[in-house]
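Listed here are the chains, written in short residue letters.
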Amino acid sequence: MQDATNDVPLTQEERERIRLKRLEKLQTASSSQEAEKSPAVSAQASTSVTASATSSPSPAVSSPRPAAPAKAIQITKAVPASPKPSSPSTPKQPALTFEAWQNEALSRILLVSLNENAQAPMLFLSSLAQELASENEPLAISQASLDRVLVERMSIDPNEDFNAHLLERGQLRYSLFDYLLDCWKRLETVKLQTSRAKTLTANVIEERVQSLNASKSLLVSYAGLVLQMPDMFPQIQSSTPLGAPQLVARLFADQDTPSGVPSEFLKDISVRFKDDGLENIIQPIVAGIAARSRDATILKDWRTPFRALLTLVEIPAIAAVIPKVATWNPPNATAPQIQIVSTLGPFFRTSGFLSDDQTVAELFGTGLKRNKADSAGAFSSIRGTMRGIHTSLFQIVNAIIRSGPEAREKMLGYFYSVLSKNERRAQMQVDRTTVSGDGFIYNITEVLMQFCDPFLDSSHSKIDKISQEFFKGKSKIDISKETRICASKELVDEYTANTSAPAVNFISEIFFLTLGFHHIGISRMYVDYKRFMKDFYEIREQYDRLKEQENAGQATPENGLLIKRYEVQLEKMLTFRLSLESQIMDPIILSHSFQFYNLVMTWLLRIVDPAHAYPRSALKLPLPEKPSDDFATLPEYIIEDIVEYFLFVLRHSPETVGSSTLDELITFTMVFLITPGYIKNPYLKAKLAEILFYMTLPYRGQRNDDTLGIKLNTHPMALQCLIPAIMNFYVEVENTGRSSQFYDKFNIRYNISQILKFVWTNPLHRDMVKLESQKSESFVRFVNLLMNDTTYLLDEGLTKLGEIRGIEVEMDNKAAWDAQTPEYRQEREGVLRTAQRQASSYIALGNETVHMLSYLTEVIKEPFLTAEIVDRLATMLDYNLVILVGEKMSTLKVKNPEEYRFQPRILLSDIIAIYLHLDCPEFVAALARDERSYSAGIFHKASSILEGRNLKSPDEIAKLKRLVKKVDDVKLQEAEDEEELGEIPDEFLDPLLYSLMEDPVLLPTSNISIDRSTIKSHLLSDSTDPFNRKPLKIGDVIDNVELREKIQEWKRSQKSKKNQQPAEHMDVDD
């Protein structure tokens, strides 16, 4: 290698051979490169430069060709145009010729000279000076010699001993890229000063700027090459990696500092190397930035790598090439791996969830008595940080998507890939080590939500852009394992085999990706939070119970260990809970999701609308009996996620939607509750009813009459559909097909009872109830189930109170209780807790059912007086009245009855109200027929309690006493009638109730005759023949006219005989 001071000279032939060897890997720029940047220059140049001067070499990796020998610069002076004055200063001819200025400027920029007397930090390029002299070329740096100057400068080996004395000049201590970047910066400074020179004419400025631009192009070309091939030229030995990784540290620094890299330089690199190796430059840079992000947390240095990546993607050409790097979307990466090894994975993985980053716990302090108020600062910090992260992530993704069609497809492809790899996250039970973290999915979801913003306007102006056939044929989101809303397997197979699905637009892709990520992300977090809180409260309850024992001096050594173990566990659970709540309860995030799900509901309603015109036109009911294939084949999780979101927000943050319109939600729930067959999963419909229930509750800080449910009393569709929808669903949930259906139905019906009670004060809704009661068969089924529930719930609830009473009495005998073994006491305490929990549930549900009977019977009577209902209703009421005021009441006197919602006075008042509402001959007769529970004495005792406790008015108590008198009169009359009839023949007896049949019918499958009222009552709860369990409907039974006439004839005969007996007796006496 040559010595820059020419102490060891090389022949011109050797120097040329070395130069050509360097340029073997380079490609000289086309002569049109500079013309493309300044197209006007050739037409109106004030100076004319020879081809060798204006065509600066632009090195590249492909097809090398040697540069032509440098020619002398020839300047042709043009007649200057009359310049427009830009300042008070009068432009003058420059003091230096263009050649002299160019030599001086490029020397300053490159820190090199062809003058042997150059002072530090200039380097004297002696070999090149000798070459130029031998070629009779001027010893000046010009555009023509610039390439040779750069090659000569970069060929100096700073590691050779004979160049050691040059290190004191500074620049050789740095890498070639750092040198070229500094040259670029100095050139930009010279260019700025030149363009602002007030003493130069416009044509001189233009000539000089043009020369600088050409020089900059060459600097950029060589800078890009040394980034790709750092060993092309000798560089100082260093532990710092050379090449593209050098840019990483500079991107982490402020671009305006000496250690930074100007964005304009990156733009120049991107323009020069676009389609010519830019990917090779960017890949290691992005990898280096991602590595820094991989180690960052929300508490440590997350902004630095984000800022660096944002600097890159702000340049469209770089943003377009990032998805082409090898690590963009590794196909073989698993769900846990992709958040680490993919290009953007580490950025999306930056999380505020404790499950992802244990350092988050530092924000929440310690102690079991922490609450949200104590953690307000941590909440604010995490939410603010995560919003900043989401904004940065959106800017990154948006820049990539906007950089070109190919980059957009790769960006969307990355999201589809992540979604597919994480399908297990939607399962009820999932091994967290097999899926991506919560923060990774959460962040992607929020970025997608920001892409949804343009079509989340309240008017849904772009809803027609969202495809209704996205899942038709081979969809980009695999839902083959998903349950569909209401489609058969055959329909699904036919739908997915279709190949005529239209192309999907960007809006549709974003919409369905957002749905998918909500499903595996935030929606699952809502469900998991509910399950977590259940576990949390159970452990907290056990801990509190052990602490009570400890404070009472009853703790055992084992209990002490359990207490410590629970404290550690609760400490961790509380921190985890606060971490989770800080994000999933963020009001801004919840409001954003509210807008999105409003759109989803509107889109679903548009699909089921036969005209597909909703919301432009009102939806008309009833809908067609069968929904469209597009709707039926949709994944069920779309509706499931809607209801899970609204249940979560109404439970935990109702104020989030308190100021928003709920029109879409009410329309959505009404349509799908009242339309049979559109949602086949009854538990989804049950959740729709649960949403309405939560809307009726007052929320924090609001008056009891100020609820979200006010809309139920004003919304046109609610006024039309609410009552028939919830009453039909009350019947429908009797059989849900699940093993837990018996207990599930009570919770569902409790919600319905609360909705009905809430709207009962509205005359329009009461009129709808009356209208429904005219549909005799369906309403009678409703009444039958109402009675069944009341009977079961009160019986179970009051029985549990008796169990509680027994254990409390046992525990009050302290001596006997302490004498029992710890195992026995623990077992009995467990029984007590179970009974307490069950009693509270059963009695609460029973109270509401009785109350519903009370206000319904006030305005509707006929359905309750039908033959198949009235006897059972009377028996149920009598039985519970005996418990409430009879001798058994003493067994129900538990401690703290309010804990079990046991309010015997209110319950008694409601039951008596039902008696008074139904005071009519049919009901009186039914009471008289109740031989098991009816007692006039019980009614008299109830009257005394009502009067003494002021539970009923004097008029109501007097009416109750008159009712008892009527019942006694009827009982007396029936006794006389029974005596008159005598023994009833077996063929006239009802085979189930063993009473005289009044309207016998023949069951076609078993050929047995039974009273019509009996079989109707049976079929209300069981749609089979009671004698052979074969299917049976009331329309199938056959009137047994012959038997009915025989019974009537027998009754007439028996009465005739009875009437004749006194006359015959008198004749005998006479």
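In this text the structure is predicted, and so the values were computed from the model without any measurement. (Residues numbered from 1 in each chain as written. Predicted model: local features only at pLDDT ≥ 70, side-chain atom pairs only at ≥ 80, totals over all residues. Heavy atoms only, no water.)

### Structural notes on the overall build of the chain
The number of helices and strands found in the chain is 42 helices and 7 strands. Taken over 1070 residues, the chain has a buried fraction of 52%. A separation threshold of at least 6 residues defines the contact pool for the chain, and within that pool the share at least 24 residues apart is 78%. (Helix = DSSP H or I, 4+ residues; strand = E, 2+ residues; numbered from the N terminus. Buried < 20%, exposed > 50% of the residue type's maximum accessible area, 1.4 Å probe, protein only. Contact = heavy atoms within 4.5 Å.)

### Describing a nonpolar patch on the surface
The grouping of L992, L993 and F1027 at the surface amounts to a nonpolar patch, some 260 Å² of accessible area in total. Inspection of the secondary structure assignment puts L993 in the loop between α40 (954-981) and β5 (1000-1002). (Patch = residues over 30% accessible without salt bridge, like charges linked within 9 Å, V, L, I, M, F, W, Y side chains within 5 Å. Areas by Shrake-Rupley, 256 points an atom, 1.4 Å probe, with all protein chains shown as cover. Salt bridge = Lys/Arg side-chain N within 4 Å of Asp/Glu carboxyl O.)

### Side note on unusual backbone geometry
Among all residues except glycine, the phi angle is most often negative; among peptide bonds, the trans geometry is most common. Following Y614, the chain continues into P615 via a peptide bond in cis, with omega recorded as 10 degrees. In this fold, P615 is placed in the loop between α24 (587-608) and α25 (629-632). Of the consecutive residues L621 and P622, the connecting peptide bond is found in the cis state with omega at 0 degrees. Here P622 shows up in the loop between α24 and α25. A positive phi is found at H612, a non-glycine position, where the angle reads about 50 degrees. Tracing the sequence through the fold places H612 in the loop between α24 and α25. Even without glycine at this site, N896 takes up a positive phi of about 50 degrees. As for its position among the elements, N896 is in the loop between α36 (867-885) and α37 (904-917).

### A closer look at the packing of helix α31 (residues 741-759) against helix α35 (residues 822-859)
Taken N-terminus to C-terminus, the directions of α31 and α35 make an angle of 45 degrees; their axes are 10 Å apart at the nearest point. For the element pair α31 / α35, the angle class is oblique. The handedness of the crossing between α31 and α35 is left-handed. Judged by residue contacts, Y743, F746, N747, Y750, S753, Q754, L756 and K757 of α31 engage Y842, A844, L845, E848, H851, M852, Y855 and L856 from α35. Of the residues that constitute the contact of α31 with α35, the class distribution is 10 nonpolar, 4 polar and 2 charged. (Axes fitted to C-alpha atoms, helices over the stretch in contact; angles between N-to-C directions. Parallel < 35°, antiparallel > 145°, perpendicular 65-115°, else oblique. Left-handed = near helix turned anticlockwise from the far one by under 90°. Nonpolar A, V, L, I, M, F, W, Y, C, P; charged D, E, K, R; others polar.)

### Quick word on the sheet that holds strand β7 (residues 1038-1039)
With antiparallel pairing, 3 strands are arranged side by side in an open sheet as β6-β5-β7. Of all strands in the sheet, those bounded by a partner on one side alone are β6 (1009-1011) and β7. Helix-sheet contacts for helix α41 (residues 1012-1019) involve β5, β6 and β7, and the interaxial angle to β6 is about 85 degrees. (Pairing = 2+ DSSP bridges.)

### Details of the packing of aromatic side chains
Enumeration over the complete set of coordinates arrives at 47 aromatic pairs. Positioned above the aromatic ring of F273, the side-chain terminus of R272 is 4.5 Å from the ring centre. Positioned above the aromatic ring of F252 is the side chain of R292, whose terminal nitrogen or guanidinium carbon lies 4.5 Å from the ring centre. (Phe/Tyr/Trp six-rings, centres within 6.5 Å; stacked < 30°, edge-to-face > 60°. Lys NZ or Arg CZ within 6 Å of the ring centre and 35° of its normal.)

### Here's the deal with the nonpolar core
Grouped together as the largest cluster of nonpolar side chains are 295 residues, with contacts concentrated most on F631 and F923. Tallying contributions element by element places α24 first for this core, with 13 residues. With residues near it in sequence (within four places) discarded, F631 still touches I485, C486, L604, I607, V608, I639, F672 and Y678. (Core = buried A, V, L, I, M, F, W, Y, C linked by side-chain atoms within 4.5 Å.)

### Some points on the side chain of S351
With respect to the helices and strands, the residue S351 is situated in the loop between α16 (345-348) and α17 (376-402). A polar contact is formed between the side chain of S351 and the backbone nitrogen of F353, at a distance of 2.9 Å. With near-sequence residues (within four places) excluded, S351 lies in contact with I298, D356, D357, V360, M386 and G439. (Polar contact = N/O pair within 3.5 Å; in protein donor to acceptor, adjacent residues only side chain to side chain.)

### Digging into helix α19 (residues 438-452)
With 15 residues, α19 should cover 21 Å at 1.5 Å per step; its first-to-last C-alpha distance of 21 Å lies within 8% of that length. A large share of α19 lies buried, amounting to 14 of its 15 residues. (Expected span 1.5 Å × (residues − 1).)

### Re empty space enclosed by the protein
Counted by the stated rule, this structure contains 9 cavities of 30 Å³ or more. Broken down by secondary-structure element, the contributors of at least two residues to the lining of the largest cavity are α18 (405-421) and α21 (506-520). Here the lining of the largest cavity is built from residues that sort into 7 nonpolar, 3 polar and 4 charged. (1 Å grid on protein atoms, 1.4 Å probe; cavity = no way out; pocket = protein on both sides within 12 Å on 5 of 7 lines; lining within 4 Å. Points joined across faces, edges and corners; volume = space filled by probe spheres on them.)

### Here we look at the layout of surface pockets
In this approach a probe as big as a water molecule rolls over the atoms, and the regions it shows empty are the leftover space. The volume enclosed by the second largest pocket comes to roughly 1,500 Å³. Looking at the second largest pocket, it is lined by 37 residues, and the ones nearest its centre are D871, R929, L993, S995 and L996. Where the lining of the second largest pocket is concerned, the elements lending two or more residues are α36, α38 (921-929), α40, α41 and α42 (1041-1069).

### Considerations on the pattern of salt bridges
For side chains bearing opposite charge, pairing can occur when the charged atoms are close. For the structure on display, the rule yields 47 salt bridges. Here K324 ties to E406 by a salt bridge, and the two come within 4.0 Å at their closest N and O atoms. Of this pair, K324 sits in the loop between α14 (316-321) and α15 (335-341) while E406 sits in helix α18, placing them 82 residues apart in sequence. E998 serves as the salt-bridge partner of K1051, at 3.4 Å between the closest nitrogen and oxygen. Of the two residues, K1051 is situated in helix α42 and E998 in the loop between α40 and β5; the sequence distance between them amounts to 53 residues. The class of E998 is partly exposed, set by a relative accessible area of 48%.

### What about the side chain of D630?
In this fold, D630 is placed in helix α25. Of the polar contacts made by the side chain of D630, one reaches the side chain of Y495; its length is 2.5 Å. Apart from residues no more than four positions distant in its own chain, D630 is found in contact with Q468, E469, Y495 and I607.

### Notes on the environment of I510
Residue placement: I510 occurs in helix α21. Spatially, the C-alpha atom of I510 lies 6.8 Å from that of C452, the residues being 58 residues apart in sequence. Setting aside its immediate chain neighbours within four residues, I510 contacts L412, L448, F451, C452 and F455.

### A look at the confidence of the model for the chain
Mean pLDDT over the chain works out to 86, with 88% of the residues at or above the 70 mark. Counting interchain partners and residues more than four positions distant, the pLDDT-below-50 stretch residues 1-12 has 35 contacts. (pLDDT = per-residue confidence, 0-100.)

### Section: the packing of α35 against α37
Relative orientation of the contacting elements α35 and α37 amounts to 30 degrees, with a least axis distance of 9 Å. As the angle between them shows, α35 and α37 are arranged roughly parallel. Seen along the crossing, α35 lies across α37 with a hand that is left-handed. Contacts between α35 and α37 involve N847, V850, H851, L853, S854, T857 and E858 from the former and L907, D910, I911, A913, I914 and H917 from the latter. By residue class, the composition of the contact of α35 with α37 is 6 nonpolar, 5 polar and 2 charged.

### Focus on helix α29 (residues 682-695)
Helix length check: α29, at 14 residues, gives a terminal C-alpha distance of 20 Å against a target of 20 Å (1.5 Å per residue), a fit within 8%. Of all 14 residues in α29, 13 are buried; the element is thus mostly enclosed. The N-capping residue of α29, defined by a side-chain oxygen 2.9 Å from the backbone nitrogen of Y683, is N681.

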